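# Coordinates in review
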Amino acid sequence: QAVTAQASVQGYIRPATWVTYCKSFHDAKMVWHLETKQKKKKELGGAAGILAKSGVQIRPGRTGPGKRRVSSKGKAKRSSKLGPTERMSENIKGYLEKNVGKDKDLPEGTTVTRNGNIVTISVLTGSASWLNVVDLEVEKNPALKQGGYLVKAKASSTGILPMYVPLAPVLNVALFWAPFPDNGSNHEIILDVEKLLMMEREQWLAQRVELAS
């Protein structure tokens, strides 16, 4: 619990990212294009068109005469308030969360959060629990008129000392100026995230656009 609490604090302040020169020793970046799947929407539109031509009226919320469909109305309302990029970000967050745990691609203790169109993955690495964070910034791909999203990933180490050390966030603030290598851990985490995005086929098709380490 102490490690988790310290990781929460350090993930917020990230002292190792304060100095640009120091970030060059351990940061990794990558960009992917996600082509969204529109097949289900097209199929639904076709079915609705056939029903409209047949003269059958569709009454929302009902499955038959006098019967009301059970639906997650509150969830639908919350989802409708999200813009396209935020909705896509929420889909990515949910997908990544399902792949956290023992014998999965993201190790136990990994947390996935979303703030607007940015999804943040916090990963504890090594036996001493160094904290690495990956920010996934989701935006519409301006190069494509018919949709699709760019996901810009940036993986960073947050401090020279691991979360196993007592008062690590405080000590890392004092040592924010000290450069240190990450032994390739941020690059490996980004590749793990890429593997997961490439595996998904129902919601999107992912393709690497750019890699800069």
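Scroll up a little and you will see the structure.
Here's a quick rundown of the structure. (Residues numbered from 1 in each chain as written. Predicted model: local features only at pLDDT ≥ 70, side-chain atom pairs only at ≥ 80, totals over all residues. Heavy atoms only, no water.)

### Structural notes on the overall build of the protein chain
The condition that has to hold: In this description a helix means any DSSP run of H or I spanning at least four residues, a strand means any run of E spanning at least two, and both kinds are numbered starting from the N terminus. Each residue gets one of three labels from its accessible area relative to the maximum for its type: buried under 20%, exposed over 50%, partly exposed in between, using a 1.4 Å probe on protein chains only. In what follows, residue pairs with any heavy atoms lying within 4.5 Å of each other are defined as contacts. To be clear on the numbers: accessible area is Shrake-Rupley with a 1.4 Å probe, and residue cover counts the displayed protein chains and nothing else.
Helix and strand counts for the protein chain stand at seven helices and eight strands. When each of the 213 residues of the protein chain is scored for burial, the buried share is 36%. Sequence separation of 24 or more characterises 65% of the internal contacts of the protein chain that already satisfy a separation of 6 or more. Here the protein chain has roughly 13,400 Å² of accessible surface; of this, 56% comes from carbon and sulfur atoms.

### Overview of the side chain of Ser157
As a reminder, the rule being used: Contacts described as polar in this section are N or O atom pairs within 3.5 Å, which, within protein, must combine one atom able to donate a hydrogen with one able to accept it, while residues neighboring in sequence count only if both atoms come from side chains.
Structurally, Ser157 is set in strand β7 (residues 149-157). For Ser157, a relative accessible area of 5% corresponds to the buried category. Here the side chain of Ser157 touches Asn186 through a polar contact of 3.0 Å, side chain to side chain. Sequence-distant contacts of Ser157, that is, excluding residues within four places in its chain, are made with Ala16, Thr17, His26, Asp27, Leu131, Asn132, Phe180, Asp182 and Asn186.

### Thoughts on a nonpolar patch on the surface
What counts, and what does not: Residues enter patches when they are more than 30% accessible in relative terms and free of salt bridges; like-charged ones are connected within 9 Å and nonpolar ones (Val, Leu, Ile, Met, Phe, Trp, Tyr) within 5 Å. By definition here, a salt bridge exists when the distance from a side-chain nitrogen of Lys or Arg to a carboxyl oxygen of Asp or Glu is within 4 Å.
A cluster of nonpolar side chains, Trp18, Val173, Leu175, Phe176 and Trp177, forms an exposed patch at the surface whose accessible area comes to about 470 Å². Mapped onto the fold, Trp18 is located in the loop between α1 (2-13) and α2 (20-23). Residue Trp18 is classed as partly exposed on the basis of its relative accessible area, which comes to 44%.

### Re helix α7 (residues 185-199)
In an α-helix, one turn spans 3.6 residues, which is why side chains three or four residues apart end up on the same side. Under the convention used in this document: Expected helix span is taken as 1.5 Å per residue step, with the number of steps being one fewer than the number of residues.
With 15 residues, α7 extends 21 Å from end C-alpha to end C-alpha; this agrees with the ideal 21 Å at 1.5 Å per step. Where α7 is concerned, the buried positions are Ser185, Asn186, Ile189, Ile190, Val193, Glu194, Leu196 and Leu197.

### Structural notes on the side chain of Gln6
Positionally, Gln6 belongs in helix α1. In contact with Gln6, not counting residues within four places along its chain, are Met163, Val165, Pro166, Leu167, Ala168 and Pro169.

### Brief notes about the environment of Val133
Here Val133 is to be found in strand β6 (residues 130-140). As for Val133 and Ile190, which are separated by 57 residues in sequence, their C-alpha atoms are 9.9 Å apart. Excluding residues that lie within four positions of it along the chain, Val133 makes contacts with Arg14, Ile121, Ser122, Lys154, Ala155, Ser156 and Thr158.

### Some remarks on the environment of Thr110
For Thr110, the position within the fold is in the loop between α5 (84-97) and β4 (111-115). On the basis of relative accessibility, which here comes to 9%, the residue Thr110 falls in the buried class. If near-sequence neighbours (up to four positions away) are discounted, Thr110 is found in contact with Val100, Ile121, Ser122 and Val123. Among the polar contacts made by the side chain of Thr110, one reaches the main-chain carbonyl oxygen of Pro107 at a distance of 2.8 Å.

### Here's the deal with the layout of surface pockets
In this approach, a probe sized like a water molecule rolls over the atoms, and the result shows the empty space that is left. Short version of the rule: Buriedness for pockets is judged along seven lines, at least five of which must meet protein on both sides within 12 Å for an open set on the 1 Å grid over protein atoms alone, while cavities are sets there where a 1.4 Å probe fits but cannot get out, and lining residues have an atom within 4 Å of a point. Grid points are joined across faces, edges and corners, and a volume is the space filled by probe spheres set on the points. Residues are grouped as follows: Ala, Val, Leu, Ile, Met, Phe, Trp, Tyr, Cys and Pro are nonpolar; Asp, Glu, Lys and Arg are charged; all remaining types, including Gly, are polar.
The volume enclosed by the second largest pocket comes to roughly 410 Å³. Around the second largest pocket, the lining is made up of 17 residues, and of these Ala7, Ser8, Gly11, Thr111 and Ser122 lie nearest the centre. Mapped onto the lining of the second largest pocket, the elements with two or more residues apiece are α1, β4 and β5 (118-125). Across the lining of the second largest pocket, the residue classes break down as six nonpolar, nine polar and two charged.

### Side note on the pairing of β7
The test is simple: In this description, strands pair whenever DSSP reports at least two bridges between them.
With respect to burial, β7 is a largely interior element, seven of its nine residues being buried. Bridge analysis of strand β1 (residues 28-36) against β7 gives seven bridges, and the strand direction is antiparallel. From the neighbouring strand, Val31 faces β7, where its bridge partner is Lys152. As judged from the nine bridges shared by β6 and β7, these two strands associate in the antiparallel manner. In the strand pairing of β7, Asn132 is matched with Ser157.

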